[in-house]
Every structure is written in C-alpha cells, then in structure tokens.
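Each chain, letter by letter, is given below.
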Amino acid sequence: MSKTIVVVEDDESIREMLRYYFHSVGYEVRSYESGEAMLEGETGKECPTMYILDIMLPGMDGLEVLRRIRGDRERSAAPVIFLTARTAEIDRVAGLDAGADDYVVKPFGIMELQARVNAVLRRTRREGEDRIIRYRDLEIDPAAREVRRGGEKLELTFKEFELLRLLSSRPGVALTRDEILQTVWDYDYTGETRTVDMHVKTLRQKLGEEYITTVRGVGYKMS
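Residues numbered from 1 in each chain as written. Predicted model: local features only at pLDDT ≥ 70, side-chain atom pairs only at ≥ 80, totals over all residues. Heavy atoms only, no water.

Undergrad: Talk me through the overall build of the chain; I want residue IDs and the actual numbers.
TA: Scanning the chain from N- to C-terminus turns up 8 helices and 12 strands. Along the three orthogonal principal directions, the C-alpha set of the chain runs to about 55 × 35 × 30 Å. Expressed as a percentage of contacts within the chain between residues at least 6 apart in sequence, the contacts between residues at least 24 apart total 53%. Within the structure as shown, the chain displays about 11900 Å² of accessible surface, and the carbon and sulfur contribution to it stands at 48%. (Helix = DSSP H or I, 4+ residues; strand = E, 2+ residues; numbered from the N terminus. Contact = heavy atoms within 4.5 Å. Areas by Shrake-Rupley, 256 points an atom, 1.4 Å probe, with all protein chains shown as cover.)

Undergrad: So what's going on with the sheet that holds strand β10 (residues 175–176)? Which residues, and what values?
TA: Strand order in the open sheet made by the 3 strands is β10-β12-β11, with antiparallel pairing throughout. Both outer strands of the open sheet, β10 and β11 (212–215), are each paired with one neighbouring strand and no more. As paired strands, β10 and strand β12 (residues 219–222) are joined by 2 bridges and run antiparallel to one another. Bridge pairing in β12 links T176 to G219. Those strands touched by helix α8 (residues 194–207) are β11 and β12, and its axis lies near 150 degrees from that of β11. (Pairing = 2+ DSSP bridges. Axes fitted to C-alpha atoms, helices over the stretch in contact; angles between N-to-C directions.)

Undergrad: Provide a residue-level description of the packing of helix α7 (residues 177–185) against α8, including the pertinent values.
TA: Packed helix pairs are specified by the crossing angle of their axes together with the interaxial distance, meaning the distance between the axes. Where α7 meets α8, the axes come as close as 9 Å, and the angle between the chain directions of the two elements is 80 degrees. If you check the angle between α7 and α8, you find them roughly perpendicular. On the side of α7, the interface is formed by R177, I180, L181 and W185, while α8 contributes T195, V196, D197 and H199. Considering only residue class, the contact of α7 with α8 consists of 4 nonpolar, 2 polar and 2 charged. (Parallel < 35°, antiparallel > 145°, perpendicular 65-115°, else oblique. Nonpolar A, V, L, I, M, F, W, Y, C, P; charged D, E, K, R; others polar.)

Undergrad: Summarise the nonpolar core; cite the residues concerned and give the values.
TA: Among the nonpolar cores identified, the biggest contains 25 residues, and L164, L167, I180, L207, I212 and M222 are the most heavily contacted of them. Counting only elements with at least two residues in this core, the list comes to β6 (133–135), β7 (138–141), α6 (158–168), α7, α8 and β12. Among the elements that line this core, the one with the most residues is α6, at 5 residues. Those residues in contact with I212, other than ones at most four positions away along the chain, are L167, V200, L203, R204, L207, Y220, K221, M222 and S223. (Core = buried A, V, L, I, M, F, W, Y, C linked by side-chain atoms within 4.5 Å. Buried < 20%, exposed > 50% of the residue type's maximum accessible area, 1.4 Å probe, protein only.)

Undergrad: Lay out the environment of G26 in plain terms, naming residues and giving numbers.
TA: Relative to the elements of secondary structure, G26 occurs in the loop between α1 (12–24) and β2 (28–32). Judged by its relative accessible area of 47%, G26 falls in the partly exposed class. Linking G26 and T4, residues 22 residues apart in sequence, is a C-alpha distance of 8.9 Å.

Undergrad: Kindly report on the sheet that holds strand β9 (residues 152–154), identifying the contributing residues and their values.
TA: In space, the 4 strands of this open sheet follow the order β6-β7-β8-β9, with antiparallel pairing throughout. With one partner strand each, in any of the chains shown, β6 and β9 form the two edges of the open sheet. Each strand axis lies, on average, 25 degrees off the axis of its neighbour in the sheet, ignoring direction. Alignment of β6 against β7, held across 3 bridges, turns out to be antiparallel. By the bridge assignment, R134 is partnered in β7 with E139.

Undergrad: Any details on the packing of aromatic side chains? Residues and values, ideally.
TA: Each aromatic ring pair is characterised by the separation of its centres together with the angle its planes make. Tallied over the entire structure, the rule returns 3 aromatic pairs. A ring pair is formed by F22 and Y27, whose centres lie 5.8 Å apart and whose planes are at 85 degrees; its orientation type is edge-to-face. Residue F22 shares its accessibility class with Y27, and that shared class is buried. Over the face of the ring belonging to Y27 we find K3, whose NZ or CZ atom lies 4.5 Å from the ring centre. Note that R136 overlies the ring of Y211, its terminal NZ or CZ placed 4.8 Å from the centroid. (Phe/Tyr/Trp six-rings, centres within 6.5 Å; stacked < 30°, edge-to-face > 60°. Lys NZ or Arg CZ within 6 Å of the ring centre and 35° of its normal.)

Take a look at the structure:
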C-alpha cells in the first residue's frame, strides 16, 4: 500500500527539501504552498498517510487547516505534525490542543523530522490495530482477533481475518490484488494474485456474498 505525505509549507526551499527527502525514502509527496491550495488540490484524492503543516501560512493558518482536516470524516484520523518558527510554549500547546500529533520547531534537522514521523506513525498504527471495526452488522475486534456478524461469532483463518480487517478498514475503497498481497501477505511484488481470489472466495462463503464486491480490472472492496 502506498505511503503518502501531504506537505503544506509556504517557504519554497523547505517545501522542496521535504518533497525531495521523503520521496527519496519511499513516500509519495503532495506539496502545497497554502492551506487553500491544499484543500482544493486534495479534493477527491485518497487520504494521505500523514500531513506535515507549517503553522504560519499565508491566508488560512495551520491551525485552521488542522481544524478542517479533523472535521473531515474521511481524513480526521490522519496524523498531523506541525512545523513552525514559533517557540513559545503557548503556541505549542495550542497546536497540540487543536489535535496535532507532534510539533517540530524550525530550524530542524531532516533526520529529526524523519524520526518524529516514524514515531507518530508507529503510535497511530498501534492505536488503529486495537480499534474495533464496525461495518454493517459485522464487528471486527483486532485485539481479540474475533469477528461477529449480528452478534454471532464467525470462525476465520488468520489470513481471512487480516483480509477482512484490511477491506473493512477502508469501506468503499477498491483495493488492487497487489495492494492486498503486499499488506496481508507481505509480498512485495506483483504476481500470485490467485491467492487473494481464493481467500476472498472462502471469506464470502463464511460472511455471505453481499459484503465484498469484485471491482472488475482492479480488485475488491467492501460493498
């Protein structure tokens, strides 16, 4: 599954430095010079892995951009790191109180920022892994590794459970067979997609046909 960072920074040199660096370590980077440009440019695009926001932006400031992100149902859970030249404690507190996950003061070292990004993603990943997922009449409990449909427990294999958790965590999103292979089976190559098809077939037999939809030429999604 692709990893994407959205950068909002009005200083072109910093913006390009972040774009170049994070691209070099495997991220897709979408960068913008203002909050308004980001909100317009991100319309219709998939939620990124993380946002990195400058707090002192022209027009709409970073705090307002963060409020817009947290108010968007599809993007509200995405982690956010603030970048700012402000050093006063009250400014750091304001950013964290608004819902930022971390706060890095300029000037900063790129390796420090990378470490902060990694730490935030590890933390949010752990939190997400334990969260109960509810989809229609399904209840998926990652901590207990249990699935219930209408209150009745279903017996799934390890990979069936991981496949269902992946699809149900992104309802309505069509995932390719290669994305599913890479995430559930950790296959970092294209090829053995029949494995996915076979597991979808057995999962449908246990859940019912109405939960997982085949997207022709793409893969699968929760219907």
